[in-house]
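Structure at a glance
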Amino acid sequence: MPQPRIYLDANATTPLLPEVFDAMRPYLLESFGNPSSTHQQGQQARAAIDHARDQLAALLHCRPAEIVFTSGGTESDNLALFGTLTSGQHLITTTTEHHAILHAAQALEKQGVAVTYLPCDVDGLISPTDLAAAFRPNTRLVSILFANNETGVIQDIPTLARITKQHGALFHTDAVQAVGKLPIDLTTTLHDVDLLSLSGHKLYAPQGTGALFLRRKTQLKPLFHGGAHERQRRAGTENVPGIVALGTAAALAASYPESLRDHLETHVTALIPQATINGRTAPRTNNTTNVTFPGLEAESLLIALDLAGISVSAGSACQSGATEPSHVLTAMGLSPALARATIRISLSRVTTLAEIDRFLAVLVPTVARLRALSPSRASSPHTPPAG
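1. Examining unusual backbone geometry
Unlike most non-glycine residues, Glu230 shows phi in positive territory, near 50 degrees. At Gln274, a position not held by glycine, the phi torsion is positive, near 70 degrees. Note on Gln274: relative accessible area 38%, which makes it partly exposed.

Shown next as structure tokens:
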């Protein structure tokens, strides 16, 4: 009997926890009322949404009224940017953002918004000094990714948000890969954050649900026009089962142990010559490993692992099939060839040590075999300096 597949792509999407499915199931079948209806079934749905809002607010340490439910992280990011910026204003973001931010910023540039893209260092970190120097009189918003989806690198959001407040601008963070993995306290350590995006399917809830934290008194233009849902901030009948699932997942959120990731990285670097962990010396989420194997193509490695029953990725799932190397890794100084020799391994709460060891038993000989077939090899994990 074949062994079950090993899923190591949790940053793309997490499995649905059984407890989360059990919570949302009644709102798919029995309690299906429209939460805007005044009859009993509608009010049952409304009460379920209110409870989920309380659960998510408890995880984020914010007011329930500051939660706007959306369809996911991309919508939340777009709502944060398009909802606060207008022509003639200035946005500061970074070169290592998720494409939900980068592509939104590019669209805003076409609408007359000036955009500054801050560089990062070799570990993927943004310099507070660079941020402070980028402000202009018309800077309206700063948007910086909390935890990188490809490398797991964590930015110093409290410091970056404080600098932003000192310059009188709003601060937004895409926290899709941070919520549920890192402590998020919007009352104390993150009190300077005005907007924060999250996604349900990175938190063991289903795909198609998310939220935007919007600090009280922050003005926001809606993306959609229709009913007065979500306090007129996001029109459209609410996804009751998804919202219930998101609230339940928030209530079940637990920190990740570092031991599995560290076990994985220790053995990968010890058993595979030249394997390099990107961002290793920076603060990172405990579930993410981004590793370069000079001398092979990541695409070939992914196919070989998939055939062996192991699911990993080369980076953001939103860019799967793309021919361009990762913009995150090239911003960190990797050459295009080395960026294309890199995979992302992201663990979930249900990943086991036995699965990690099975993965290593397949990975080590597979890398050796693919390197032997490769016509060329790279020797350095970073692009040599010019000159």
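From this point on, the discussion continues.
2. Concerning the side chain of Thr84
The topology assignment puts Thr84 in the loop between helix 4 (73-82) and strand 3 (90-94). What Thr84 contacts, discounting residues up to four positions off in sequence, is Leu79, Gln89, Arg140, Leu141, Leu170, Leu195, Gln219 and Leu220.

3. Some remarks on the environment of Ala235
If you trace the backbone, Ala235 turns up in the loop between helix 8 (229-232) and helix 9 (240-252). By relative accessible area, Ala235 is classed as buried at 10%. In this structure the C-alpha to C-alpha distance between Ala235 and Leu223, which are twelve residues apart in sequence, comes to 8.3 Å. Those residues in contact with Ala235 that lie beyond four places of it in its chain are Phe224, His225, Gly226, Gly227 and His229.

4. A few points about the sheet that holds strand 5 (residues 139-143)
Within the open sheet, the seven strands sit side by side as 2-8-7-6-5-3-4. Their pairing is mixed. If you trace the sheet from one side to the other, it starts and ends with strand 2 (67-70) and strand 4 (114-118), each paired once. Taking each pair of neighbouring strands and ignoring which way they run, the sheet shows an average axis angle of 20 degrees. Of the pairings in the sheet, the one linking strand 3 to strand 4 comprises five bridges and is parallel in character. By the bridge assignment, Leu91 is partnered in strand 4 with Val115. Against the sheet, helix 7 (residues 157-166) contacts strand 5 and strand 6 (170-174), and its axis sits at roughly 155 degrees relative to strand 6.

5. So, the confidence of the model for the chain
Counting all residues, the mean pLDDT for the chain is 93, and 95% of those residues have values of 70 or more. Contacts for the low-pLDDT stretch residues 378-387, under 50 throughout, to residues beyond four places or in other chains number 17 contacts.

6. What to know about the packing of aromatic side chains
Summed over the entire model, instances satisfying the criterion amount to zero aromatic pairs. For the cation-ring pair, Arg349 lies above Tyr204, with the distance from its terminal atom to the ring centre recorded as 5.2 Å.

7. Digging into a nonpolar patch on the surface
A surface patch of nonpolar side chains, about 360 Å² in accessible area, is lined by Leu16, Phe21, Leu28 and Leu29. With respect to the helices and strands, Leu29 occurs in helix 2 (residues 26-29).

8. As for the sheet that holds strand 10 (residues 288-292)
The strands making up a sheet associate through hydrogen bonds between their backbones, and the pairing can be parallel or antiparallel. A sheet is described by the order of its strands in space; here three strands give the open sequence 9-10-12, paired in antiparallel fashion. Among the strands making up the open sheet, the edge pair consists of strand 9 (276-277) and strand 12 (342-346). Where strand 10 lies against strand 12, five bridges are found, and the strand directions are antiparallel. Across the sheet, the residue bridging to Thr289 is Ile345, located in strand 12. Relative to strand 10, helix 10 (residues 259-271) is tilted by about 10 degrees, and along the sheet it contacts strand 9, strand 10 and strand 12.

9. Notes on the packing of helix 4 against helix 5 (residues 99-110)
It is the contact of helix 4 with helix 5, at a shortest axis distance of 9 Å, that shows an interaxial angle of 35 degrees. Considering the relative orientation of helix 4 and helix 5, their crossing is right-handed. Between helix 4 and helix 5, the contacting residues are Thr74, Asp77, Asn78, Leu81 and Phe82 on the first element and Ala100, Ile101, Ala104, Ala105, Ala107 and Leu108 on the second. Its residues placed into classes, the contact of helix 4 with helix 5 shows eight nonpolar, two polar and one charged.

10. Regarding the pattern of salt bridges
A complete count under the given rule lists twelve salt bridges for this structure. If you follow the salt bridges from partner to partner, you end up with Arg261, Asp262, Glu265, Arg280 and Arg284 in one network.

11. A look at the pairing of strand 6
For strand 6, the tally of buried residues reaches five of five residues, placing the bulk of the element in the interior. Of the two faces of strand 6, the one lined by Leu170, His172 and Asp174 and the one lined by Phe171 and Thr173 are each fully buried. Sheet analysis places strand 5 next to strand 6, joined by three bridges and oriented parallel. Paired with Ser143 across the two strands is His172, which belongs to strand 6. Taken together, strand 5, helix 7 and strand 6 constitute a β-α-β crossover, and its handedness is right-handed. The pairing of strand 6 with strand 7 (residues 195-199) spans three bridges and is parallel. Its bridge partner lying in strand 7, Asp174 is registered against Ser197.

12. Quick word on helix 14 (residues 353-373)
Here helix 14 is 21 residues long and its end C-alpha atoms lie 31 Å apart, about the 30 Å a rise of 1.5 Å per residue gives. Among all positions in helix 14, only Glu355, Ile356, Phe359, Leu360, Leu363, Thr366, Val367, Leu370 and Arg371 are buried. The inward-facing, buried residues of helix 14 abut strand 1 (6-7), helix 10, helix 11 (298-307), strand 11 (310-311) and strand 12.

13. Considering the packing of helix 10 against helix 14
Orientation of helix 10 relative to helix 14, taken along the N-to-C sense of each, is 20 degrees, at an axis distance of 10 Å. When the axis of helix 10 is compared with that of helix 14, the two are roughly parallel. Remark: the crossing between helix 10 and helix 14 carries right-handed chirality. Side by side, helix 10 and helix 14 meet where Leu260, His263, Leu264, His267, Val268 and Leu271 of the first sit next to Leu353, Ile356, Asp357, Phe359, Leu360, Leu363 and Val364 of the second.

Parameters at a glance
- All residue numbers here refer to positions counted from 1 along the written sequence of the relevant chain.
- Only residues with pLDDT of 70 or above have their local features reported here, since the model is predicted, and side-chain atom pairs are shown and tallied only from 80 upward, although totals for entire chains, interfaces and linings are computed over all residues.
- Excluded from the side-chain calculation are hydrogens and water; included are all heavy atoms of the structure.
- Under the scheme applied here, a residue whose accessible area is under 20% of the maximum for its type counts as buried, over 50% as exposed, and between as partly exposed, the area being computed with a 1.4 Å probe on protein chains only.
- We count a stretch as a helix when DSSP gives it H or I for four or more residues in a row; a strand needs E for two or more, and each element gets its number in order from the N terminus.
- What makes two residues a contact is simply this: any of their non-hydrogen atoms within 4.5 Å.
- DSSP-based pairing: two strands are paired if at least 2 bridges between them are found.
- To get an axis, a line is fitted to the C-alpha atoms, and for a helix only the part in contact is used. The angle between two axes follows their N-to-C directions and goes from 0 to 180 degrees.
- A score from 0 to 100, pLDDT tells how confident the predictor is in each residue.
- Only Phe, Tyr and Trp rings are paired, with Trp represented by its six-membered ring, and only when their centres lie within 6.5 Å; those with planes under 30 degrees apart are stacked, over 60 edge-to-face, the remainder tilted.
- For a lysine, the NZ atom is tested; for an arginine, the CZ atom; a charge sits over a ring if that atom is within 6 Å of the ring centre and within 35 degrees of the ring normal.
- Like charges are joined within 9 Å and nonpolar side chains (Val, Leu, Ile, Met, Phe, Trp, Tyr) within 5 Å, but only among residues with over 30% relative accessible area and no salt bridge; these make up the patches.
- Using the Shrake-Rupley algorithm and a 1.4 Å probe, accessible areas are obtained, with residue cover drawn only from the displayed protein chains.
- Within this document, salt bridges are pairs made up of a side-chain nitrogen of Lys or Arg and a carboxyl oxygen of Asp or Glu, the two lying within 4 Å of each other.
- Here a crossing is called left-handed whenever its near helix is offset anticlockwise from the far helix by less than a right angle, and right-handed whenever the offset is clockwise.
- Think of it as three bins: nonpolar holds Ala, Val, Leu, Ile, Met, Phe, Trp, Tyr, Cys and Pro, charged holds Asp, Glu, Lys and Arg, and polar takes everything else, Gly as well.
- Note on handedness: a crossover is taken as right-handed if, strands pointing away from the viewer, the path from the first strand over the helix to the second is clockwise.
- A helix is expected to reach a length of 1.5 Å times the quantity of its residues less one.
- Should an angle fall under 35 degrees it is taken as roughly parallel, and over 145 as roughly antiparallel, whereas 65 to 115 is taken as roughly perpendicular and any remaining angle as oblique.

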